[in-house]
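# Architecture and fold: a report
Take a look at the letters that make up each chain.
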Amino acid sequence: MPMSWFLLSLALGRSPVVVSLERLVEPHDTARCSVGLSCHLWDGDVLCLPGSLESAPGPVLVPTSLQTELVLRCPQETDCALCVRVVVHLAVHGGWEEHGEGERSDSKLQEPRNASLLAQVVLSFQAYPTTRCALLEVQVPAVLVQPGQSVGSAVFDCFEAGLGAEVRIWSYTQPRYQKELNLTQQLPDGDNVRLVLDVSEEQDFGLLLYWDQVQGPLKPWKYKNLTGPQTITLNHTDLFPCLCIQVWPLEPDSVRTSFCPFREDPRAHRNLWHIARLHVPSSGIWQLDAPCSLLAKVALCWQAPDQGPCQPLVPPMLQENVTVNMPHEFQSVRGHPNLCVQVSSWEKVQFQECLWADSLGPFKDDMLLVEMRTGLNDTSVCALESSGCTALPSNTSTRAAHLGEQLLQDFRTHQCVQLWKDDNLGALWACPMDKYIHKRWVLVWLVCLLLAAALFFFLLLKKDRVKAAPRIRTALLLHSAEGAGYEHLVGALASALSQLPLRVAVDLWSRRELSAHGALAWFHGQRRRTLQEDGVVVLLFSPAAVAQCQQWLQHQTVGPGPHDALASWLSCVLPDFLQGRAAGRYVGVYFDGLLHPEAVPAAFRAAPLFSLPSQLPGFLDVLQGGCARLPGRPADRAERVAQALQSALDSCALQSGTPGYGEAWNPGPYPAPK
């Protein structure tokens, strides 16, 4: 990213200079040495292992000091990253040891004392979360090998780091002959620009920050009397191309020195456009306000009501240069709500305002005709649209082409309003489109009325044939676990009811869902859905169900056994009965010969109670509720359900051996529901 850092070397003399950060285009690390030394940078990073101190076997090359410099690594013009350059200063340490006569020395010490020195210098870098180590091989010629003398420096480019980071750098040799050098540095924050004023210590000087105006005198911004050296911090949003710095010694008749370091800074130009404002102080008058001059063009454009792009009127009109902080107007232009002004820079529209929006109201659906001079007495006419200027007449499929002859007729008979004219370039005409739109809408309304009349007539003809389809009601069957025979009886009732038609829900048909969600969740969900759809919940009472209900009413629980389903649906439906909400929502049912009606707990008698199949007609009427009459005779429907139930009851009686189960149902008079 671009760095916000400038070094202003101000000696308060005749030639102050401004130095921005150096840019490196090389994407990879590099190394170089001062004159007389040779350097080689190992490819890639090495392990950061300083090792233990060792005694020097003779003269060795060691780092003596570290320096850093901030640079920018920019592999592309607009892609830069902050980088830390490291300078390692080197010197010769130690000397040749003297050995007694006959004493055998190490083979390395037998080398000529005028041999060159080769050192491996490690640079270790840490800046959270990055850790790197680079290895430089530095060779010193024999002529420079003087113990205790500095031999030059090596420069490493570079370690990348983020804005505001704290970096730590160590340097040592391999093997390590002395304690490693270290340096800590705090990098600048990215939201600031730092101006380092390199003024001699104790020197008093004046500092003025101002905007250099092309028109008129300079415009002061900040003024301070300071004592050198100083570092001035500016917010990055305060940078503008015309922001300049003026310094002078606080002495009589001193010379003031000015320089403007941000004229080419891309951020400064972005800030300038960000703070600039285009406004319309009065109808037809526009003004661009900015602290600096702007390299921009202004042109008139036509804004259609569809909110598409504003179409520049160039040609026939010409673009003009922008002068900031001054009111302007387009000469010889007649006001129209669709005429707007565009300010552009580098072929990009920066600002747009409509000149007569406040005085002439909203946009009009007018067609702008552009009349161009093509010869001494010849002109051509085109209609400005989002796709371009459509020549009239035209065979294209645009709106203007469809109305080409009518528009030309309006143009020739002066029904269009002239907005601008130049004897050499041409003219602009605004042609109202209201009359064409009104004609089109009249045709549309006529077509709609004809279609509505035809539809109404068709509905009258088909009135006798239209029948309302009966609404299918939902019935939820709740029962107890009474054994296989009783489950067969419940399944037979559910199957018979589903043929009426009714939408029947019963746990026997939803084993997978019951297992996946649990009995309590399934019963709660089915009950809520059934009642929301204006359905009915059917409670099937059996001897086991009655016993368990009595136990639940007394102890709020049921005994051990296969009654989890019963406990689940009891917890769902019992509150409705206890709070008086059962009427119209619940129906009680028991099977002939299986249970006496008085055995049903009193708490559940708030709902109608039927014995099946003896009271089938009344039961089916309650299930039908407020829905349309079901097809077929009621007696036929009851007969079909009774036959299915009687077969299941006979089978249940044979399995249980209980007398009275097999008595056939007589479809004659039946007792009223309890």
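So, a few notes on the structure that sits alongside this text. (Residues numbered from 1 in each chain as written. Predicted model: local features only at pLDDT ≥ 70, side-chain atom pairs only at ≥ 80, totals over all residues. Heavy atoms only, no water.)

### Points about the overall build of the protein chain
Each helix and strand in the protein chain was counted, giving 12 helices and 36 strands. For the protein chain, with 674 residues in total, the buried portion stands at 43%. Long-range pairs, those at least 24 residues apart, make up 66% of the contacts in the protein chain between residues at least 6 apart in sequence. Of the accessible surface of the protein chain, which amounts to about 36600 Å², a share of 53% is contributed by carbon and sulfur atoms. (Helix = DSSP H or I, 4+ residues; strand = E, 2+ residues; numbered from the N terminus. Buried < 20%, exposed > 50% of the residue type's maximum accessible area, 1.4 Å probe, protein only. Contact = heavy atoms within 4.5 Å. Areas by Shrake-Rupley, 256 points an atom, 1.4 Å probe, with all protein chains shown as cover.)

### Considering the pairing of strand β10 (residues 150-160)
In terms of burial, β10 is largely enclosed, as nine of its 11 residues are buried. As paired strands, strand β4 (residues 30-33) and β10 are joined by four bridges and run antiparallel to one another. Directly across from alanine 31, in β10, lies its bridge partner phenylalanine 156. (Pairing = 2+ DSSP bridges.)

### Some remarks on the pairing of strand β25 (residues 339-345)
For β25, the buried fraction is high: seven of the seven residues fall into the buried class. By the alternation rule, side chains of β25 split into Leu339, Val341, Val343 and Ser345 and Cys340, Gln342 and Ser344, which are all buried. One ladder, built from six bridges, connects strand β21 (residues 297-302) with β25; its direction is antiparallel. For alanine 299, the partnering residue across the bridge sits in β25 and is glutamine 342. Looking at chain direction, β25 and strand β26 (residues 348-354) are connected through six bridges and run antiparallel. By the bridge assignment, glutamine 342 is partnered in β26 with glutamine 352. Connecting the antiparallel pair β25 and β26 is a turn made up of two residues, with tryptophan 346 showing a positive phi of about 50°.

### Concerning unusual backbone geometry
Across the junction of aspartate 157 and cysteine 158, the peptide omega takes the value -10°, indicating a cis bond. That bond from leucine 392 to proline 393 is cis: its omega, -5°, falls within 30 degrees of zero. Structurally, proline 393 can be placed in the loop between β29 (388-391) and α3 (399-402). At histidine 414, a residue that is not glycine, the phi angle is positive and equals roughly 60°. Note on placement: histidine 414 falls in the loop between α4 (404-412) and β30 (417-422).

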